[in-house]
Amino acid sequence: MDVHQQHTIQQPETPERNEAARRSTLVSVCVNIVLSTVQILAGLFSSSQGLIADGFHSLSDLVADFVVLLANRQSKKAADEDHQYGHLRYENAASLLLGMLLLAVSVGMLYSAVMKIQDPKHIPRVHMIALWVALFGLVAKESLFRYMLAIAERIRSSMLIANAWHARSDAASSLVVAIGIGGNLMGYSLLDPIAAFIVGIMIGRMGWTFAWDAMSDLMDRAVSREEYESISSTLKNTPGVLGLHDMRTRKVGDLIIVDVHLELDGNLSVVQGHHIASEASERVMREHPVLNVMTHVDPVLNGVVLED
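Residues numbered from 1 in each chain as written. Predicted model: local features only at pLDDT ≥ 70, side-chain atom pairs only at ≥ 80, totals over all residues. Heavy atoms only, no water.

1. Things to note about the packing of aromatic side chains
Okay, step 1: By the definition in use, this model includes one aromatic pair.
Okay, step 2: Between tryptophan 208 and tryptophan 212, the aromatic rings sit 5.8 Å apart at their centres with planes inclined by 20 degrees, giving stacked as the arrangement. Of the two residues, tryptophan 208 and tryptophan 212 both sit in helix α6 (residues 191-218), four residues apart, roughly one turn of that helix.
Okay, step 3: Over the ring of tyrosine 228 we find arginine 225; its NZ or CZ atom is 4.9 Å from the centre of that ring. (Phe/Tyr/Trp six-rings, centres within 6.5 Å; stacked < 30°, edge-to-face > 60°. Helix = DSSP H or I, 4+ residues; strand = E, 2+ residues; numbered from the N terminus. Lys NZ or Arg CZ within 6 Å of the ring centre and 35° of its normal.)

And the structure:
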């Protein structure tokens, strides 16, 4: 008995998941429109480089939000002839774009800050309004982060989790900017561009993390060791499965594709082996975020596995 079986679940229609993603991203769009406008205008008025940098960071979030909205729309498309596993990797691609966007913002902020630090004589004293706007931005971004992360974890979307942590990076940057502005108001003028420099490093680090993780998933990165062992245990606990080997996994969006060789009693009929393999695959897809399971059945005779 040597049978290959492919068990696939159609990409599930999840209108609640898609609506939650769309709603949270639209909230982020509205918040960032207000913040970027207020921060940039207040930064220009108060002569605060840190606040201007934070404003452009918020503006970059608008681009990121539109990328997420586009990816969310595209990834929910059903499988077709050209994309037989669905369009879930739009989410991985969106996370990669988010990471690259953060890296680009980081480079611009670092360059501007270094230019100011090299010429401290021309660093102006900022106006008090800059501090109030920075504190307002800090509260708004931290609240947005907590709101978006709660939704992202509930619907289990890595793309939305990445966007939520993007908002947290904004909150952290606003905190640093507030400290820098406070220092400038106390007479330490260098603290404003230094704050902008620190924010640039923080944004760059997070951008690299997102881009690298997304690139790894697009290159068929396997699941974690814990998830691998959990899927393996589910297969082994299926009645009739004597063992397994050569199990491989790869990520597609937030779901997983599994290839595995199942070891079954060689005296079973093809129909019996088919039923056992089907049951094993259905268990995995019920209990784990698995999109597709490809099984290869290897018979076991007298305790010996007969492989290809």
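2. Notes on unusual backbone geometry
Okay, step 1: Even without being glycine, aspartate 220 reaches a positive phi, approximately 65 degrees.
Okay, step 2: Within the element layout of this structure, aspartate 220 appears in the loop between α6 and α7 (225-236).
Okay, step 3: Residue aspartate 246 is not a glycine yet carries a positive backbone phi of 55 degrees.
Okay, step 4: Looking at the element boundaries, aspartate 246 is found in strand β2 (residues 243-252).

3. Thoughts on the confidence of the model for the chain
Okay, step 1: Confidence in the prediction of the chain, expressed as mean pLDDT, is 81, and 87% of residues score 70 or more.
Okay, step 2: Mean pLDDT per element in the chain: strand β1 (residues 3-8) is the minimum at 52, and α7 is the maximum at 94.
Okay, step 3: Counted against residues more than four places away or in other chains, residues 8-13, with its pLDDT under 50, gives 13 contacts. (pLDDT = per-residue confidence, 0-100. Contact = heavy atoms within 4.5 Å.)

4. A few points about the packing of helix α3 (residues 89-118) against α6
For any two helices packed against each other, the geometry comes down to the angle between their axes and how far apart the axes lie.
Okay, step 1: Following both chains from N to C, one finds α3 and α6 inclined at 155 degrees, their axes separated by 7 Å at the closest point. In terms of axis orientation, α3 runs roughly antiparallel to α6. Note on packing geometry: the crossing formed by α3 with α6 is left-handed.
Okay, step 2: Looking at the contact of α3 with α6 residue by residue, the class counts come to 25 nonpolar, seven polar and three charged. (Axes fitted to C-alpha atoms, helices over the stretch in contact; angles between N-to-C directions. Parallel < 35°, antiparallel > 145°, perpendicular 65-115°, else oblique. Left-handed = near helix turned anticlockwise from the far one by under 90°. Nonpolar A, V, L, I, M, F, W, Y, C, P; charged D, E, K, R; others polar.)

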